[in-house]
Amino acid sequence: MAKVERHRAGEPKHEEAKMASGNVKVKAGTRPPWVGLAAAVWVQMAAGNAYTFPLYSPALKSVLGYDQRQVAMLGVANDVGENFGVVAGVLCNSLPPWLVLLVGAALCFLGFGTLWLAVSGTVLGMPYWLLWIALAIGTNSNAWFVTAVLVTNMRNFPLRRGVVAGLLKGYVGLSAALFTQVFSGLLHRSPTALLLLLAAGIPVVCLSTMYYVRPCTPALGAGGEEEDAMQDGHFAFAQAASVLLGAYLVGTTVLGTVVTLSDAASYALFAVTVLLLLAPLAIPVKMTLFRKKKPSPPMEPPAAATAEEEPLLIPSDPPPPADEDSDEKVAVLLAEGEGAVVKRKSRRPRRGEDFEFTEVLVKADFWLLWFGYFIGVGTGVTVLNNLAQIGAAAGIADTTVLLSLFGLGNFLGRLGGGAISEKFVRSLQLVPRPIWMSLTQTVLAVAYLCLAYALSAGAVYACAAVIGVCYGAQFAVMIPTTSELFGLKNFGLFYNLMAVANPLGAVIFSEELAGRLYDGEAARQRHGGGGGGHPHACVGPECFRVAFVVLAACCAVGTAVSLVLAARIRPVYRALYAGGSFRLPNGNQQH
C-alpha cells in the first residue's frame, strides 16, 4: 500500500488515527468534528442569503423603477454570485477554512452594503450595472461559506457523505424560512432593514463561528457496531432537530400572516429559533458529559516527523491477512477524506479514485451528471426567482408564505434526498443516487404542467412546496455522487464546477425564457386594458403558461439523462458499497 500522509492541522496527538498491523485505531476525542458540524449549521443558515431575493426584489421595482426583465436579470446576478465558486474550490485545498470564511464575510459586507446604499436612498443614481455586480459579489459570499464548511465536513465524516451533504445543504434551503421569519417579524417587512442585516449581521455570524470549522480527526465508526450505531444516532438527532426547526419556522410565518404579533411576541419566537439552531451542539456536549472510558491501546513511540506533518497510517511490513482487508480499505478511505491518497501515475484514475481537473473534464459521467443537475436546478431556480410574480399572477397578495413553503420543501428535499439515497445505496439493492434525480425531475414536470393549466392560489401553494422538495433533492444527490465518482481530493473544485449549472440555468430559463414571456404578456395586458397596478405587472395563468410547459419538457429530457447515468454507474455502486459499507475500488486496493 502506498505511503499515506496527512497534515496535523493543529490537532493534538491523542486525537490522531493510526494503523498498526493492518488495524485502524481511531482514538477517542472525536468531539471536534461534531462541534465543527454544529458551527457549520450557523454558517449554512447565513449562506442562504441568496434566497432573500424575492423579499427585496419588489423594492427594486418600486424604488428604482425596474421592469420584470431587469429584475429577472438581477436574479441572474443573484444566482451567478451564489454559484460561482471555482476560485473558492481551488483555494480550499491550500487555505484554512477560517480564511475561506473570512473572504466570504468580506464579500457579503461589500455586496449587500452597496445594495443597501441604493435602496435606502443614501446614494442616488447608482447605475444598474453597478447594482448587478454588487448583488453578484454579495451572494458570491455563499460560495465561500458553503465550500469551507462542506469540504471540511465531508472530509471529517467521509463514510457519511450523503447524510452530511443532505444535512448541511438542507440548512441552506431552510434559511429561506429563517430570513422570512426575521423579515416579517423582527424587521417589519422592511427591505432596507433586511439588506442592512445581510450586510452586517451575516459577517458577524461567520466571524463568530469560523474558528470551529476546521479539519479534525474523522469521526468514524471504527470501534464496531456499537460505535456505528452511536454515530447514526447522532446524525438522526441532528436531522430531527433540523426538521423540528423547519416546521417551527413555517408555523411561525403562517401565524404572522393570520394574526398581528407584537414586538415582544416576535422576539420570543425568534429566541426559540435560536435555541433550535443550537440543538446540534447537544451532540458534543453529550459526548463530553457521558464519555465512555475505554482502555486505550499501547502507544507506539512517535516516529520522526516534522511539526507540520506526520504519518496517519503506518503500513505493516507483512501483507495484511485476508480478514483485515476491509479494515485496510477503511484506512485508505480515512486518508482519502483528508485528500492524501497518492495514486499511481501509471494509469488513469478509475471511478471512485481521486481525479484531477483535466481528467474529470473528459469523463462522460461528469457531463451526464452536470446536465441532469443543470435541468433540475435551472428549472427550480426559475420558480424561486419569479415566486413573487407567480403568486401575484394567481392573485396572492402576500408571497411570504409562498417563500416559506418553498424554503421548507427545499430543506426537506435536501435532507431527505441525502438520507434516502444513503439508505438505498448501502442496501442490498445498491440503488445509484442519480435514480432519485430522475424521479424528482419527473415530479417537477408534473408540477410545472399543473401550474401552467391550473394557476390558482391553492395550486400555487401546493406546487411551491413540491417544487421546493424536488429542487432541493438535486443538491443532495449531486454532492455525494460527485465525491463517489471522482474522489474527495479535489471535491471542492468539482462541486463548484457542478454549481455553475445553477446560474446558467437561471440565465436560460429564468431571464431569457420566463422573464421575456412575462414582460410580453404584461405589455399585451397593458395595451389591452387588462393590466392594473404596477405598469409591468401581469395577472392570470397566461403570464407563465408557455414557460411552464417548456420547463416540463426540459425535465422530461433531464429524467432520461439521469436514468442513462444511473445505468452507467450501477456497477460502480456495486463495487463501492458491496456488503453495505463503503469499499474502495480495486485500483486503490493495490496502492
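Within any chain, residue numbers begin from 1 and follow the written order of that chain's sequence. For a predicted model such as this one, the threshold for reporting local features is a pLDDT of at least 70, and the threshold for listing and counting side-chain atom pairs is 80 or more; totals across whole chains, interfaces and linings nevertheless cover every residue. Excluding hydrogens and water, the side-chain values take into account all heavy atoms of the structure.

Per an unreviewed UniProt entry, the protein is named Nodulin-like domain-containing protein, and its organism is Urochloa decumbens. Database annotation for the protein, UniProt heading Subcellular location (unreviewed entry): "Membrane". UniProt positions are given in the numbering used here, feature names are shortened, and annotations may be inferred rather than shown by experiment.

Positionally, Thr 147 belongs in helix H6 (residues 128-156). The spacing of Thr 147 and Tyr 495 is 348 residues in sequence and 8.4 Å in space, taken between C-alpha atoms. Not counting the four nearest positions on each side in its chain, Thr 147 is found in contact with Ala 88, Gly 89, Cys 92, Thr 152 and Asn 496. Put simply, DSSP H or I for four residues or longer makes a helix, DSSP E for two residues or longer makes a strand, and each gets a number counted from the N terminus. In what follows, a contact means two residues having at least one pair of non-hydrogen atoms within 4.5 Å.

Let us now look at the state of the cysteines. Only a pair of cysteine sulfur atoms within 2.5 Å counts as a disulfide in this structure description. The final tally for this structure, using the stated rule, is one disulfide. There is a disulfide in this structure between Cys 538 and Cys 543, and the S-S distance comes to 2.0 Å. Since a negative S-S torsion denotes a left-handed disulfide, the Cys 538-Cys 543 link at about -95° is left-handed. Here Cys 538 matches Cys 543 in class, with each residue buried. The thiol of Cys 554 is unpaired, and the distance to the nearest cysteine sulfur, on Cys 555, comes to 7.1 Å. The buried label applies to any residue whose accessible area, calculated with a 1.4 Å probe on protein chains only, is under 20% of its type's maximum; exposed applies above 50%, and partly exposed to all values in between.

Remark: helix H5 (residues 97-119) packs on helix H8 (residues 191-209), axes separated minimally by 8 Å, with the N-to-C direction vectors making an angle of 165°. Taken together, the axes of H5 and H8 lie roughly antiparallel to each other. Crossing angle aside, the handedness with which H5 passes H8 is left-handed. Residue-level contacts link Leu 102, Ala 105, Cys 108, Phe 109, Phe 112, Gly 113, Leu 115, Trp 116 and Val 119 of H5 to Thr 192, Leu 195, Leu 196, Leu 198, Ala 199, Ile 202, Pro 203, Cys 206 and Leu 207 of H8. The classification used treats Ala, Val, Leu, Ile, Met, Phe, Trp, Tyr, Cys and Pro as nonpolar, Asp, Glu, Lys and Arg as charged, and all other residues, Gly among them, as polar. For the contact of H5 with H8, the per-class residue count stands at 16 nonpolar, two polar and no charged. Interaxial angles span 0 to 180 degrees and are taken between N-to-C directions of axes, which are lines fitted to C-alpha atoms, for helices over the stretch in contact. When describing relative orientation, an angle under 35 degrees is termed roughly parallel and one over 145 degrees roughly antiparallel, while 65 to 115 degrees is termed roughly perpendicular and anything else oblique. Crossing handedness follows the turn of the near helix against the far one: under a right angle anticlockwise gives a left-handed crossing, and clockwise gives a right-handed one.

Once that is clear, we can look at the confidence of the model for the protein. A residue's pLDDT is simply how confident the predictor is in it, with values from 0 to 100. With 79% of its residues at a pLDDT of 70 or more, the protein shows a mean pLDDT of 79. The least confident element of the protein, judged by mean pLDDT, is strand S2 (residues 17-20) at 34; the most confident is H5 at 94. A low-confidence stretch, residues 339-345 (pLDDT under 50), is modelled with 20 contacts involving residues beyond four sequence positions or located in other chains.

Now for the nonpolar core. For soluble globular proteins, nonpolar side chains are generally found buried alongside one another. Among the nonpolar cores identified, the biggest contains 152 residues, and Tyr 56, Phe 112, Tyr 448, Ile 467 and Phe 548 are the most heavily contacted of them. Per element, the largest residue contribution to this core is 15 residues, and it comes from helix H7 (residues 161-186). In contact with Tyr 448, other than residues within four places in its own chain, are Thr 379, Gly 380, Val 383, Ile 467, Phe 548, Leu 551, Ala 552 and Cys 555. Put simply, a nonpolar core is a bunch of buried Ala, Val, Leu, Ile, Met, Phe, Trp, Tyr and Cys residues held in one set by side-chain atoms that sit within 4.5 Å of each other.

By definition here, a salt bridge exists when the distance from a side-chain nitrogen of Lys or Arg to a carboxyl oxygen of Asp or Glu is within 4 Å. Enumeration according to the criterion identifies seven salt bridges in this entry. Asp 232 is paired through a salt bridge with Arg 160; the nearest N and O atoms lie 3.1 Å apart. Highlighted residues: Asp 232 in helix H9 (residues 225-258) and Arg 160 in the loop between H6 and H7, separated in sequence by 72 residues. Taking the relative accessible area as the measure of exposure, Asp 232 reaches 40% and is therefore partly exposed. Overall, Arg 160 belongs to the buried group, its relative accessible area being 11%. The closest approach of N and O atoms between Glu 521 and Arg 524, which form a salt bridge, is 2.5 Å. One end of the pair, Glu 521, and the other, Arg 524, are both in helix H20 (residues 501-528), three residues apart, so they sit about a helical turn from each other.

Further remarks concern unusual backbone geometry. Despite not being glycine, His 188 shows a phi value in the positive range, around 55°. Tracing the backbone through its elements, the reader meets His 188 in the loop between H7 and H8. Phi angles above zero are rare outside glycine, and Arg 189 is one such case at about 60°. Topologically, Arg 189 is positioned in the loop between H7 and H8.

What follows is about the packing of helix H2 (residues 53-64) against H5. Following both chains from N to C, one finds H2 and H5 inclined at 40°, their axes separated by 10 Å at the closest point. With respect to H5, the axis of H2 lies oblique. Seen along the crossing, H2 lies across H5 with a hand that is left-handed. On H5, the residues that touch Tyr 56, Ala 59, Leu 60, Val 63 and Leu 64 of H2 are Phe 112, Leu 115, Ala 118 and Val 119. Of the residues in the contact of H2 with H5, the class split is nine nonpolar, no polar and no charged.

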